[in-house]
Amino acid sequence: MRSIWNELTHLFFPRHCLLCGRSLAQGEEQICLHCLCELPRTDYHRQADNPLVEALREAFPFERGMAFYYFERGGKVRQLVHAIKYKKHKEAGYWIGRHIARELMIAQSDFARFDYLVPVPLHRDKQRERGFNQSEWIARGLQSVWGTPIDTTSLCRLRATESQTNKTPLERWLNVCAIFKASTNTPLAGKRILLVDDVCTTGSTFLACAHALSPLPNTKVSFLALASI
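Sequence order sets the numbering: in each chain, residues are counted from 1 along the sequence as written. Thresholds applied to this predicted model are a pLDDT of at least 70 for local features of residues and 80 or more for the giving and counting of side-chain atom pairs; totals over whole chains, interfaces and linings are not thresholded and use all residues. Hydrogens and water are ignored here; the side-chain numbers use all heavy atoms of the structure.

A. Fine view of the overall build of the chain. Numbering of helices and strands runs from the N terminus, with a helix taken as a DSSP run of H or I at least four residues long and a strand as a DSSP run of E at least two residues long. Helices and strands together make up the secondary structure of the chain, namely 9 helices and 6 strands. Burial statistics for the chain: of 229 residues in total, 46% are counted as buried. Residue pairs in contact within the chain that sit at least 24 positions apart in sequence constitute 72% of those at least 6 positions apart. Here the open area of atoms and residues is found with the Shrake-Rupley method and a 1.4 Å probe, where only the protein chains shown may cover a residue. When the accessible surface of the chain is totalled, it reaches about 12,000 Å², and 51% of it is carbon and sulfur. Summary of the burial criterion: residues with accessible area below 20% of their type's maximum are buried, those above 50% are exposed, and those between are partly exposed, where the area comes from a 1.4 Å probe applied to protein chains only. Between two residues, a contact is recorded if the distance between any of their heavy atoms is within 4.5 Å.

B. Main features of the nonpolar core. Among buried residues, those of type Ala, Val, Leu, Ile, Met, Phe, Trp, Tyr and Cys that are joined through side-chain atoms within 4.5 Å constitute a nonpolar core. One finds F62, Y69, L155, L195 and L213 to be the most contacted residues of the largest nonpolar core, which totals 65 residues. The element contributing the most residues to this core is helix α9 (residues 204-213), with 7 residues. Beyond its immediate stretch of four places on either side in the chain, F62 contacts V53, L56, R57, F206, L207, A210, V221, S222 and F223.

C. Seen up close, the sheet that holds strand β1 (residues 65-70). Taken in spatial order, the 4 strands line up as β1-β6-β5-β2 in an open sheet, and their pairing is parallel. Both edges of this open sheet fall to β1 and β2 (116-119), since each of them pairs with a single strand only. Across this sheet, the average inter-strand angle for adjacent strands is 20 degrees, counted without regard to direction. The rule for pairing is simple: two strands pair if DSSP sees at least two bridges between them. Pairing of β2 with strand β5 (residues 192-200), which is carried by 4 bridges, proceeds in the parallel orientation. Counted as the bridge partner of Y116 is I193 from β5. Only the stretch in contact is used when fitting a helix axis, every axis being a line fitted to C-alpha atoms; angles between N-to-C directions are given from 0 to 180 degrees. Together, β1 and β6 (220-228) form the strand contacts of helix α5 (residues 90-106), whose direction differs from that of β1 by roughly 120 degrees. Each of β5 and β6 touches α9; the most contacted strand, β5, lies at about 155 degrees to it.

D. Region of the structure containing helix α4 (residues 76-86). If you check which residues of α4 are buried, you get V77, L80, V81, A83, I84 and K85. Taken together, the buried residues of α4 touch β1, α5, α6 (124-130), α7 (134-146), β5 and β6. Just past α4, the residue K88 takes up positive phi, approximately 60 degrees.

E. Structural detail: α5. Between its first and last C-alpha atoms α5 spans 25 Å; for 17 residues at 1.5 Å apiece the expected length is 24 Å, and the two agree. For α5, the secondary structure elements touched by its buried residues are α2 (33-38), β1, α4, α7 and β6. Q108 occupies a position one or two residues after α5 and carries a positive phi of about 55 degrees. In this scheme, a helix's expected span is set at 1.5 Å multiplied by one less than its residue total.

F. View of the packing of aromatic side chains. A pair of aromatic rings is counted whenever rings of Phe, Tyr or Trp (Trp by its six-membered ring) have centres within 6.5 Å, and the orientation is called stacked for planes under 30 degrees apart, edge-to-face for over 60 and tilted otherwise. Scanning the model with the defined rule gives 7 aromatic pairs in all. Aromatic side chains F68 and Y69 sit 4.9 Å apart centroid to centroid with 85 degrees between the ring planes, which places their arrangement in the edge-to-face category. Per residue, the accessibility class of F68 equals that of Y69, and both read buried. When the ring of F111 is compared with that of F114, the centres are 6.3 Å apart and the planes differ by 50 degrees; the resulting orientation is tilted. Accessibility assignment for this pair places F111 and F114 in one class, buried. One aromatic cluster is present, formed by F60, F62, F206 and F223 through successive ring pairs. Between the NZ or CZ atom of R140 and the centre of the ring of W137, over which it lies, the distance is 4.4 Å. Each ring is checked for a lysine NZ or an arginine CZ that lies within 6 Å of its centre and within 35 degrees of its normal; such an atom marks a charge sitting over the ring. In this structure, R192 packs its charged tip against the face of F114, placed 4.7 Å from the ring centre.

G. Geometry of the environment of W137. Looking at where W137 falls in the secondary structure, it is placed in helix α7. It is 8.5 Å that separates the C-alpha atoms of W137 and P119, two residues lying 18 residues apart in sequence. Contact partners of W137, with chain neighbours within four places excluded, come to K90, E91, G93, Y94 and F132.

Written out as structure tokens, the structure reads:
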């Protein structure tokens, strides 16, 4: 009965791919299979040490780190990120998080084994304005497959910052350094933590979060971004 209802719903209220606008076929969600296959993957999870985490380890001893896709200006990953953040398609963040989580489990990646997922927090004013934190929705998608708990209270953003777009690496770091604070009363101490964000450019945001968490004893920090530039 539910299958018939779904078919009727799709007939009268067709769903469309967020990226190309085509009608989604049965079984497709948010993005059509054609567009999904065209998203440029990094395959960093198949490498013992990838260039992204190696570059950031010069500033912080991350246990692991990766981005799943490449963010190309004018490309489909950029379309997806903008649809999630600025067109309020938060469900697409959840869906792509689920997709990434399944891929990492199939590959038997260590990225599927953490004690806590910690979405990079927005400032409360920004979250109130947007209505949601896109990084949290990506983390929810990961959680729905892995079952890993999400912590959204132990790390907070102390002040709002300017957009990182068009800033130099130094300007990006100065824009975010010392803006995050970790709670002293947190379950994260002594745990393996995976920071989750949408886009990693220079890595300054992940570094700022990691430095805020560094006073927690015996805590190992890794990061996962939907995409990297």
